[in-house]
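Observations on the three-dimensional arrangement
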Amino acid sequence: MPTDSVFCRFASVIRLLKLPRLQTLLLSFFSLALLAITVAAQQTITNQQSETLRARYEAAQAFARAENWAAAEAEWRQALKIAPEDARAWVNLGVSLNRQGKTTEAIEAWTKAAKLDPKLAGAHFNLGLALVRNNQFAEAIKPLRSALLLQPANEAARRALALAYIGTERFAEGSREIARLLSRAPRDAFLLELAADCFMRQQRYGEAVTVLKRRLDFGNGTGRLWALFGDALDGEGRTPEAADAYQRAVDLAPESTVTRYGLGYLYWKLYRYPEAERELIEVLRRDPNEARAAFTLGDLYLTRHEAKRALPFLEQAVRAYPEEFDTHFALGRALMQTGETEHAIEKF
């Protein structure tokens with residue numbers, strides 16, 4: 001029989017007794033009794049849901065161990081219909097989604113988990129890492145910092161935070177995080193390269209030289225690394241050593257016109273014109289549209305008073321860089337030296 005009907009009939013009987021105090025006491029007692037019955041019924045439902053929930057969790061975890069991520073996702077979604085405020089279930093749903101390449105949905109799940117339980121480090125870490133991998137560097141900083149507040153020893157979170165800072169051009173903060181990581185792993189090649197790149201972006205050439213030398217001492221130096229070392233040395237005013245570093249880079253990556261141009265430029269800067277000419281001609285042989293090499297070679301010929309040889313290269317540079325002062329000025333000088341005064345004045 002419905003409890004509301006029972007209550008109404010019982011209340012009618014009490015009123016027939018015409019004893020106000022007794023009526024009040026009996027009604028209060030009966031209300032408490034009904035409340036107890038209702039709570040017991042709710043507890044029974046909760047227990048039933050709890051069993052179902054446990055079964056869903058176990059099934060989801062089994063599917064995850066088997067790397068059946070679609071099935072795991074389905075189980076976690078069913079579990080969350082029963083317990084929508086379970087932050088850990090949202091974290092696990094995010095993992096299942098992420099493993100299927102559903103990055104946007106995974107980010108949404110981890111965001112939900114972090115809001116439900118701000119002290120759940122895994123939610124913040126997974127969210128921040130996914131955002132970094134999605135090149136959403138600015139958005140990644142807050143969850144990664146939250147993860148590190150909860151787990152200061154989480155080196156993966158600190159690496160991701162360093163990348164997020166670098167991605168948002170907050171290089172000083174990125175350098176600070178990298179330094180903390182290197183204090184624990186001084187021979188970590190990736191961290192040393194990342195530190196060098198970060199120092200170069202801040203024009204801290206001396207520090208870049210130090211970390212790059214340490215990295216190159218480990219061996220397995222690539223052409224890119226030797227070229228970066230050359231840039232750092234040149235930035236510190238050590239241009240002859242920079243040229244040697246670039247020669248190593250060209251030896252390791254002979255097909256790279258970018259690296260070969262760097263070597264030619266350094267030779268030009270050192271007034272080693274025959275070597276510079278050789279490298280710049282080789283760059284243009286491989287890539288006739290390399291306007292930087294054309295300008296440098298044209299300027300080299302102009303310096304050697306070979307204006308006619310300079311003209312075609314400088315004209316190419318002007319076409320590529322029509323807004324640059326240097327290209328027009330150099331071409332004007334070449335035109336003056338070849339007797340094309342009117343055209344030269346136009347360039348000046």
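Structure shown above.
1. Concerning the pattern of salt bridges
One pass over the structure, following the stated rule, counts 30 salt bridges. Among the ionic pairs, Glu-193 bridges to Arg-224, the shortest N-O distance being 3.2 Å. Here the residue Glu-193 occupies a position in helix 10 (residues 189-201), and Arg-224 occupies one in helix 12 (residues 223-235), the gap between them amounting to 31 residues. In this structure, Glu-277 and Arg-309 form a salt bridge, with 3.4 Å as the shortest nitrogen-oxygen distance. Taken together, the residues Glu-277 in helix 15 (residues 273-286) and Arg-309 in helix 17 (residues 307-320) connect sequence positions 32 residues apart. Glu-277 sits in the buried class, given a relative accessible area of 15%. For Arg-309, a relative accessible area of 41% puts it in the partly exposed group. Connected through salt bridges with shared partners, the residues Glu-73, Arg-77, Lys-102 and Glu-105 form a single ionic network.

2. Regarding the nonpolar core
By size, the foremost hydrophobic cluster in this structure holds 56 residues, and its most contacted members are Ile-178, Leu-212, Phe-229, Leu-302 and Leu-314. Top element by residues in this core is helix 10. It accounts for eight residues. With sequence-adjacent residues up to four places away left out, Phe-229 is seen in contact with Val-209, Leu-212, Lys-213, Leu-216 and Ala-245. One finds Leu-53, Ala-89, Leu-93 and Leu-120 within the second-largest nonpolar core, a separate group that totals 37 residues.

Procedures and definitions
- Residues numbered from 1 in each chain as written.
- Predicted model: local features only at pLDDT ≥ 70, side-chain atom pairs only at ≥ 80, totals over all residues.
- Heavy atoms only, no water.
- Salt bridge = Lys/Arg side-chain N within 4 Å of Asp/Glu carboxyl O.
- Helix = DSSP H or I, 4+ residues; strand = E, 2+ residues; numbered from the N terminus.
- Buried < 20%, exposed > 50% of the residue type's maximum accessible area, 1.4 Å probe, protein only.
- Core = buried A, V, L, I, M, F, W, Y, C linked by side-chain atoms within 4.5 Å.
- Contact = heavy atoms within 4.5 Å.

Any functional reading would require information that these geometric values do not contain.
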